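Structure assessment
Here's the letter readout for the chains.
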2 protein chains.
Amino acid sequence: MEALHKLFNPESVAVIGASEKEGTVGRAILENLLATFKGEILPVNYKYDYVLGLKCYRRVADLPRAPDLAVVAVPATSTPGVIRDLCNLGTRVSIVISAGFREVGPEGAKLEVELVKAARSCGMRVVGPNCLGVYDPWNGLDTIFNPNDRQSKPRAGGVAFLSQSGALGAAILDWLAEAGIGLSKFVSYGNAADVKEWELVEYLANDSRTAVIALYVEGVEDGRRFMASIRKAVAMGKPVVLLKGGRTEAGSSAASSHTGSLAGRAEIFISAARQAGAIVVDNLGELINVLKVLTWGGPPKGRRVGIVTNGGGAGVLAADSVELAGLSLAPLTEGTLEYLRGALPPASSIKNPVDILGDAPPERYAVAVEAVAEDPNVDSVVIITLMQSPAFDPRRFIELMRGIKEKVRKPMVLVAPGGGYTVKHSREVERELAIPYFRTSEEAVKALKLATEWYERYKSVEGERK
Amino acid sequence: MEALHKLFNPESVAVIGASEKEGTVGRAILENLLATFKGEILPVNYKYDYVLGLKCYRRVADLPRAPDLAVVAVPATSTPGVIRDLCNLGTRVSIVISAGFREVGPEGAKLEVELVKAARSCGMRVVGPNCLGVYDPWNGLDTIFNPNDRQSKPRAGGVAFLSQSGALGAAILDWLAEAGIGLSKFVSYGNAADVKEWELVEYLANDSRTAVIALYVEGVEDGRRFMASIRKAVAMGKPVVLLKGGRTEAGSSAASSHTGSLAGRAEIFISAARQAGAIVVDNLGELINVLKVLTWGGPPKGRRVGIVTNGGGAGVLAADSVELAGLSLAPLTEGTLEYLRGALPPASSIKNPVDILGDAPPERYAVAVEAVAEDPNVDSVVIITLMQSPAFDPRRFIELMRGIKEKVRKPMVLVAPGGGYTVKHSREVERELAIPYFRTSEEAVKALKLATEWYERYKSVEGERK
């Protein structure tokens, strides 16, 4: 664990293969570190005395001291030597970005064995190879070499994200950034030649900055330990969200030529992960969606959903979504029904879904949402706003909902189908009120359902321990 | 049919309840017509001599001649009288926008019977009541009263869209506009007191501007005729895409208090619609997605999918999506494999999914996509672009793909997960090349699959007739 702690909290980082050459990985990593990392940066490249204004060392052996962390971006064949040199110096953890190992065939696999042997000879830990390494917005550590104008990176927050695939991990990171989800740590662990995904999960289970752990995994070497690490995180009250690549024969065969990992019997793997308490999602969209719910609303504490809508048809689709997801429409209490009957126009439909009609101004939303959210029969609230309606003023809606969001302790989500105007203002709601926004009720309800299931599992684990 | 033809092609339109008053339905409709309708506009309102610069008639009886179409936006209780007056004048078709009929209870239901009786007395046809009426971008007929800054409307094109729900219909229209899907006609038919959805489908089956018919339906009165109208459209080679509201008990109960329609036994309805050849979608997102595929690529003529990707993980997820959707990964021919082996870098994965690696420039995409698309074993191509990669230049990609898109006759779709940069450039691909864009492979493949199923059904119907 000490080595992993250094991985995320180094005071000095050496970049082996640092470069001034435009378009190289070695330059991009150096630029990223220069932009955000607060500690010491030590470039190593036999070609330079200086790179990007920093003193450059010709060889690892020339470094003035052992860096806490080394990022290695040199040709695969040079990596075992570099690792041995770092070992001799006393470095305890490295990230090997370089590709050309197990994933390319038997020759690469041999090289990978050699790499691990070199590291183990001195007890050094290695992340990778064939990976993007680490991004930690809390301390500015960033070894993702995509250009920043193409690849956004999330701000600091509570979600840790581990990815076996580098490129896909980067795409998800980019998507998370756009969605406004804050990150505690990102690790692209690639071939997992030494540091395994289960060690990272265990580390994150104890990491105070991490509230939720998300993973993209194709295959693991040690299923037993992986499941145990999930159980540990869940027992700590941290949801684990898992996207498994290679769930089918076609996907699993593609995975074997990707990370060289055996995807294994996917069904057994997934059912074991669910048993361990993981939230297993079916695709990237669901991954983002459930992270939104967990980050901004927390999991619902039960399955009963209240719906408030200004459009009957949208209410019908939401009711369908609730039942199809295995949740239920909350039966509103007599008190709530009576209150709504008095407070809403007579043509409104009072029974859940509560249809406050197409001419509903924000004030009517405030009345209905508060009443529904405070109903003891309601565990979560789906608020549907068809923003095309002339009566719906999104800025006023945000003003009024702010107070309700502060008072209400139950998860609320926003559903708003439509075009540019709707998306723009829905994102404002999401950003300003931390109410997750979805374009369809199906997405919203599926995310609520997955979060609810996790909570139920967590409660039952907690119960067992009492 | 003649009355319906007039509905979409009137030379003169009367607006009963036209108004100058800001925020009224009567004003919004008049403004829309003034902005886009080329024919004569005849406002009627007992309060005005002029509205928005147009001569206004006090009563329907005062109109100088029978308008081809009347749009009625007066209180529900006044509508039977207005319809009788229009009848006497000789108008053959009306749209009743007004609400307050069957959907509000027994009193409204009586009023609706009276309304229909008034129309039938002279053979007038009525669309609605409780609806948004018609939007026809080909001739500028527009009775949707949402403000244009909140509610975009699609340009002219080949998709006809019918919606039982007005507000939801408007939201979908807004979404279709953003997605860039062109429309032949939109009809919000509301309570369907007189003109039924099946009549509209039959009309559209014969409409030369309509290539695809999409519907949001909660319930129909005459299932047999509805299914027959779908069969007719399918036999004409026109895909019918159906979103059914009220598929569950919860949704169906919500529907009964919405449009007052009995959603009926949803499973039987849906399976009959599938039998008739309809593409039944599960939610709004799927509706938009399948319309994209049908509009821009046409249905794949078989189930074998080729995948080209610059990211292994994304390829794995796409392969999973293909198998889970009931499609299959195309086995590439020996010729294609040999060609790709020579044309791509050695570390590439040649077997479908074709992984052209993270450093793939657009030129490498062009080589791989063309080879895969021209393989006789391939029915459709999924192109995955992780645009975070520094080597991927989206403008150059568009340039190179333009030629391929022109040559290749098979459907191609673009999958690009990520944030703002990715979405922006993916939309450019979609707009400039008419290659449908999806953020996840799951969405893309589901849309391809639904379109393929329709095509298979259409072929089998065609075969039966031979």
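Chains are numbered independently. Their residues run from 1 in the order of the written sequence. Chain A is the first chain written and ligand 1 is the first ligand written, with later ones labelled in order. Thresholds applied to this predicted model are a pLDDT of at least 70 for local features of residues and 80 or more for the giving and counting of side-chain atom pairs; totals over whole chains, interfaces and linings are not thresholded and use all residues. Water and hydrogen atoms play no part in the side-chain values, which are based on all heavy atoms of the structure.

1. Some points on the relation of the copies chain A and chain B
Here is the rule we go by: Residues below a pLDDT of 70 in either copy are left out; the C-alpha atoms of the rest, at least 70 in both, set the least-squares superposition of the copies. Note on contacts: a residue pair is in contact if any heavy atoms of the two residues lie within 4.5 Å.
With an RMSD of 0.0 Å, chain A superimposes on chain B once it is rotated by 180° and translated 0.0 Å along the axis. Overall, the copies show the geometry of a two-fold rotation axis. Looking at the interface residues of chain A, 100% of them are also at the interface in chain B, so both copies use one shared face.

2. Some words on the state of the cysteines
Residue and element names in this part refer to chain A. Basically, it comes down to this: Criterion for a disulfide: a pair of cysteine sulfur atoms within 2.5 Å. Runs of E in the DSSP output that reach at least two residues are strands. Runs of H or I that reach at least four are helices, and both are numbered from the N terminus.
For the structure on display, the rule yields 2 disulfides over all chains. Covalent S-S linkage joins Cys 87 and Cys 122, the inter-sulfur distance amounting to 1.8 Å. Handedness of the Cys 87-Cys 122 disulfide follows from its S-S torsion of about -60°: it is left-handed. Residue Cys 87 is found in helix 3 (residues 79-89), and its partner Cys 122 is found in the loop between helix 4 (106-120) and strand 7 (125-127); the two are separated by 35 residues along the sequence. Here Cys 131 stays free of any disulfide, with the sulfur of Cys 87 as its closest cysteine sulfur at 17 Å.

3. Here's the deal with the side chain of Asn 139 of chain A
Residues and elements named next belong to chain A. The criterion, for reference: In protein, a polar contact means a hydrogen-donor-capable atom and an acceptor-capable atom, both N or O and within 3.5 Å, with residues adjacent in sequence counting only if both atoms are side-chain atoms; elsewhere, any N or O pair within 3.5 Å suffices.
Residue position: Asn 139 is located in the loop between strand 8 (133-136) and strand 9 (141-142). At a separation of 2.2 Å, a polar atom in the side chain of Asn 139 contacts the main-chain carbonyl oxygen of Phe 8. Among the polar contacts listed, one links the side chain of Asn 139 to the backbone nitrogen of Leu 141, at a separation of 3.0 Å. Apart from the residues lying within four places of it in its own chain, the contact partners of Asn 139 are Phe 8, Asn 9, Pro 10, Thr 36, Phe 37 and Lys 38.

4. Some words on the interface of chain A and chain B
This is how it is decided: What counts as buried area is the accessible surface, traced by a 1.4 Å probe, that two parts surrender upon association, with contributions from both included. Basic side-chain nitrogens of Lys or Arg form a salt bridge, by our definition, when they fall within 4 Å of a carboxyl oxygen of Asp or Glu.
Chain A puts 69 residues into the contact, and the matching count from chain B is 69 residues. Counting the surface lost from both chain A and chain B, the interface buries some 4900 Å², and carbon and sulfur atoms represent 60% of this. At the boundary of chain A and chain B, one finds 2 salt bridges. With a closest N to O distance of 2.7 Å, Glu 178 of chain B and Arg 439 of chain A form a salt bridge.

5. Digging into helix 5 (residues 166-179) of chain B
Because each turn of an α-helix spans 3.6 residues, side chains separated by three or four positions end up pointing in the same direction. Residues and elements named next belong to chain B. Defined as follows: Working rule for helices: expected span equals 1.5 Å times residues minus one.
The end-to-end C-alpha separation of helix 5 is 20 Å, in line with the 20 Å expected for 14 residues at 1.5 Å each. Capping of helix 5 at its N-terminal end is provided by Ser 165; its side-chain oxygen lies 3.3 Å from the backbone amide nitrogen of Leu 168. Backbone geometry just after helix 5 places Gly 180 at a positive phi near 80°.

6. Regarding unusual backbone geometry
Inclusion rule: Three labels apply to residues, based on accessible area from a 1.4 Å probe with only protein chains included: buried if under 20% of the type maximum, exposed if over 50%, partly exposed otherwise in between.
Following Asn 352 of chain A, the chain continues into Pro 353 of chain A via a peptide bond in cis, with omega recorded as 0°. Within the secondary structure layout, Pro 353 of chain A lies in the loop between helix 12 (334-343) and strand 17 (354-355). The omega torsion of the bond from Gly 128 of chain B to Pro 129 of chain B falls at -5°, within 30 degrees of zero and hence cis. Inspection of the secondary structure assignment puts Pro 129 of chain B in the loop between strand 7 (125-127) and strand 8 (133-136). A positive phi angle, close to 50°, is found at Ala 192 of chain A, a residue other than glycine. Residue placement: Ala 192 of chain A occurs in the loop between strand 11 (183-188) and helix 6 (197-205). For Ala 192 of chain A, a relative accessible area of 8% translates into the label buried.

7. Things to note about empty space enclosed by the protein
Filter applied, for reference: Only protein atoms enter the calculation, which uses a 1 Å grid: trapped sets of points that fit a 1.4 Å probe without letting it out are cavities, open sets showing protein on both sides within 12 Å along at least five of seven lines are pockets, and any residue with an atom within 4 Å of a point is a lining residue. Grid points are joined across faces, edges and corners, and a volume is the space filled by probe spheres set on the points. Polarity classes work like this: nonpolar for Ala, Val, Leu, Ile, Met, Phe, Trp, Tyr, Cys and Pro, charged for Asp, Glu, Lys and Arg, and polar for all others, with Gly in that last group.
Taken as a whole and assessed by the stated rule, the structure comprises 3 cavities of 30 Å³ or more. Taken as a whole, the largest cavity holds about 140 Å³ of empty space. Together, 17 residues line the largest cavity, and Leu 317, Ala 318, Ser 321, Ser 441 and Glu 442 of chain B are the ones closest to its centre. When residues of the lining of the largest cavity are traced back to their parent elements, those giving at least two are helix 11 (312-324) and helix 16 (441-465) of chain B. In terms of residue count, the dominant contributor to the lining of the largest cavity is helix 11 of chain B (5 residues). When the residues that make up the lining of the largest cavity are grouped by side-chain class, the tally is 9 nonpolar, 4 polar and 4 charged. The space that makes up the second largest cavity amounts to roughly 120 Å³. Looking at the second largest cavity, it is lined by 14 residues, and the ones nearest its centre are Leu 317, Thr 440, Ser 441 and Glu 442 of chain A together with Leu 284 of chain B. Secondary structure elements with two or more residues in the lining of the second largest cavity: helix 11 (312-324) and helix 16 (441-465) of chain A.

8. Brief notes about the packing of helix 6 (residues 197-205) of chain B against helix 7 (residues 223-235) of chain B
All names here are of chain B. Our working definition: In this analysis an axis means a line fitted to C-alpha atoms, helices contributing only their contacting stretch, and an angle means the value between N-to-C directions, from 0 to 180 degrees. When describing relative orientation, an angle under 35 degrees is termed roughly parallel and one over 145 degrees roughly antiparallel, while 65 to 115 degrees is termed roughly perpendicular and anything else oblique.
Between helix 6 and helix 7, whose axes approach to 9 Å, the crossing angle comes to 10°. With respect to helix 7, the element helix 6 is oriented roughly parallel. On helix 7, the residues that touch Glu 197, Trp 198, Val 201, Glu 202 and Ala 205 of helix 6 are Arg 225, Phe 226, Ser 229, Ile 230, Lys 232 and Ala 233. Its residues placed into classes, the contact of helix 6 with helix 7 shows 6 nonpolar, 1 polar and 4 charged.

9. Details of the domain arrangement of chain A
All names here are of chain A. So the rule is basically this: Segment limits for the domains were obtained from an automatic or database-derived domain assignment.
The domain boundaries assigned to chain A delineate domain 1 (1-130), domain 2 (146-296) and domain 3 (298-457). Put simply, the middle of domain 1 and the middle of domain 2, counted by C-alpha atoms, are 24 Å apart. The interface is formed by 19 residues belonging to domain 1 together with 20 residues belonging to domain 2. Carbon and sulfur atoms supply 50% of the area buried between domain 1 and domain 2, which totals about 1800 Å² over both sides.

10. Thoughts on the pairing of strand 8 of chain A
All names here are of chain A. So the rule is basically this: At least two DSSP bridges between two strands are needed for those strands to be called paired.
Across 3 bridges, strand 8 lies against strand 11 in antiparallel orientation. Bridge pairing in strand 11 links Gly 133 to Ser 188. As paired strands, strand 8 and strand 9 are joined by 2 bridges and run antiparallel to one another. Directly across from Asp 136, in strand 9, lies its bridge partner Leu 141. Where strand 8 folds back on strand 9, the antiparallel hairpin that results is connected by 4 residues, among which Gly 140 adopts a positive phi of roughly 75°.

11. Some details on the nonpolar core
Here is a general trend for soluble globular proteins: nonpolar side chains tend to be buried in one another's company. Quick note on the threshold: Working definition of a nonpolar core: buried Ala, Val, Leu, Ile, Met, Phe, Trp, Tyr and Cys residues. They are joined through side-chain atoms within 4.5 Å.
In terms of nonpolar packing, the biggest core is built from 224 residues, with Phe 226 and Val 241 of chain A together with Phe 226 and Val 241 of chain B touching the most fellow members. Setting aside chain neighbours within four positions, we find Val 241 of chain A in contact with Val 212, Ile 213, Ala 214, Leu 215, Ile 279, Val 281, Leu 287, Val 290, Leu 291 and Leu 294 of chain A.

12. Here we look at the side chain of Glu 103 of chain A
Looking at the secondary structure, you find Glu 103 of chain A in the loop between strand 6 (93-96) and helix 4. Engagement of the side chain of Glu 103 of chain A in a polar contact is seen with the side chain of Asn 191 of chain A, the distance being 2.8 Å.

13. Notes on helix 2 (residues 25-36) of chain A
Residues and elements named next belong to chain A. In this model, helix 2 (12 residues) spans 17 Å end to end at C-alpha, consistent with the 16 Å of a helix rising 1.5 Å per residue. Where helix 2 is concerned, the buried positions are Gly 26, Arg 27, Ala 28, Ile 29, Leu 30, Asn 32 and Leu 33. Where helix 2 is buried, its residues touch strand 1 (12-16), strand 2 (40-44), strand 3 (50-51), strand 4 (54-55), strand 5 (69-72) and strand 9.

14. Comments concerning the environment of Lys 47 of chain B
All names here are of chain B. By secondary structure assignment, the location of Lys 47 is in the loop between strand 2 (40-44) and strand 3 (50-51). When its relative accessible area of 54% is taken as the criterion, Lys 47 is described as exposed. Lys 47 sits 28 residues away from Ser 19 along the chain, and the two C-alpha atoms are 8.7 Å apart.

15. Considerations on the sheet that holds strand 13 (residues 240-244) of chain A
Residue and element names in this part refer to chain A. Read across the sheet, 7 strands follow the order 9-8-11-10-12-13-14 without closing on themselves; strand pairing throughout is mixed. Edge positions in the open sheet fall to strand 9 and strand 14 (279-281), since each of these has one partner strand only. Packed onto the sheet, helix 5 (residues 166-179) meets strand 8, strand 10 (156-163), strand 11 and strand 12 (212-217) and runs at close to 160° relative to strand 11. Here helix 9 (residues 266-276) sits on the sheet in contact with strand 12, strand 13 and strand 14, set at roughly 175° to strand 13.

16. What to know about a negative patch on the surface
Heads up, the rule is: Patches were defined on residues exceeding 30% relative accessible area and lacking a salt bridge, with like-charge contacts within 9 Å and nonpolar side-chain contacts (Val, Leu, Ile, Met, Phe, Trp, Tyr) within 5 Å. Computed with the Shrake-Rupley method and a 1.4 Å probe, the accessible areas treat only the protein chains shown as cover for residues. Charged residues are defined here as Lys and Arg on the positive side and Asp and Glu on the negative side; His and the ends of the chain fall outside this count. For this purpose, a charge sits on NZ of Lys, CZ of Arg, CG of Asp or CD of Glu.
Judged by side-chain charge, Glu 442 and Glu 443 of chain A together with Glu 442 and Glu 443 of chain B come together as a negatively charged surface patch. Going through the elements one at a time, helix 16 of chain A together with helix 16 of chain B are the ones with two or more residues in the negative patch. Tracing the backbone through its elements, the reader meets Glu 442 of chain B in helix 16.

17. A few points about the packing of helix 12 (residues 334-343) of chain B against helix 13 (residues 362-374) of chain B
Residues and elements named next belong to chain B. With their axes 10 Å apart at the nearest point, helix 12 and helix 13 run at an angle of 175° to one another. The angle between helix 12 and helix 13 places the two elements in the roughly antiparallel class. Contacts between helix 12 and helix 13 involve Thr 336, Tyr 339, Leu 340 and Ala 343 from the former and Val 367, Ala 368, Ala 371 and Val 372 from the latter. When its residues are assigned to classes, the contact of helix 12 with helix 13 shows 7 nonpolar, 1 polar and no charged.

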